[in-house]
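Summary of the model geometry
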Amino acid sequence: MDETTLPLTELLASDLDDGFTELVRTQAGTVRSVLLRLSGSARDADDLGQETFLRAYSALRDYPPERRGQLQPRAWLLTIAANVWRNHVRTLSRRPGVADGIEVTAIEVPDGAPGPEQLALDGARRARLVAALSALPDHHRLPVVLRHIGELSYQEVAGILDCPVGTVKAQVSRGLAALRAEPGLAADRATYGAAAAAAGGTTAKTAHEPARKDRKERKEATG
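Residues numbered from 1 in each chain as written. Predicted model: local features only at pLDDT ≥ 70, side-chain atom pairs only at ≥ 80, totals over all residues. Heavy atoms only, no water.

**Points about the overall build of the chain**
Secondary structure summary: the chain contains eleven helices and zero strands in total. Evaluated residue by residue, the chain yields a buried proportion of 38% over its 223 residues. The contacts of the chain with a sequence gap of at least 6 include a subset with a gap of at least 24, amounting to 66%. (Helix = DSSP H or I, 4+ residues; strand = E, 2+ residues; numbered from the N terminus. Buried < 20%, exposed > 50% of the residue type's maximum accessible area, 1.4 Å probe, protein only. Contact = heavy atoms within 4.5 Å.)

**Notes on the pattern of salt bridges**
By the definition in use, this model includes five salt bridges. For Arg74, the salt bridge identified is with Glu151, shortest N-O distance 3.5 Å. One end of the pair, Arg74, is in helix α5 (residues 73-93); the other, Glu151, is in the loop between α7 (138-148) and α8 (154-161), and 77 residues separate them in sequence. A relative accessible area of 27% means that Arg74 is categorised as partly exposed. Judged by relative accessible area, which is 45%, Glu151 ranks as partly exposed. (Salt bridge = Lys/Arg side-chain N within 4 Å of Asp/Glu carboxyl O.)

**Quick notes on the environment of Arg126**
Along the chain, Arg126 turns up in helix α6 (residues 116-135). For the pair Arg126 and Arg37, spaced 89 residues apart in the sequence, the C-alpha separation amounts to 9.9 Å.

Next comes the structure, spelled out in structure tokens:
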């Protein structure tokens, strides 16, 4: 079998350099999205992302193949990213006069947007989301971002934060409640909810209510 067709963890175990290249290819977008929502700065997200992958490669070099083969790549990388971000926050707190500037010009807009007006609207909504996330206390922001941007399970987030699953659920719930209460995001939900209803976007309730609820929470968290 061609090595490039191996599952990621097997490739990491058999060939670190090729495996790491694939790790970056498949996970860099998630790592950057998480760091962007945590930092509120595209520049910081890029810098912290580079540091995350540098630390990851250094760690992988010291792991035996067996350990590399047992990794959960996304959760493992986001653990490193969370630590890198927390170190960054501690460094900023020791620098008087450093502002928490929120860069909104570099927030990604999905491909396929209808046109310039919709692009501007989506960019403004994302800017409001990033600003609202950045205003959350760290102990709410990090769990919300890991859960809904990183798409980790509550168990994985609890492992990263070294706390009980129940604590993570409570932190995520309170963080989402704070986001829902933010005036700008509430206005977006009201506007888009009305537009969706007018377009016939509502659906009847089904037996899949828990899954829909999870998707709704993730949509509200990611904008």
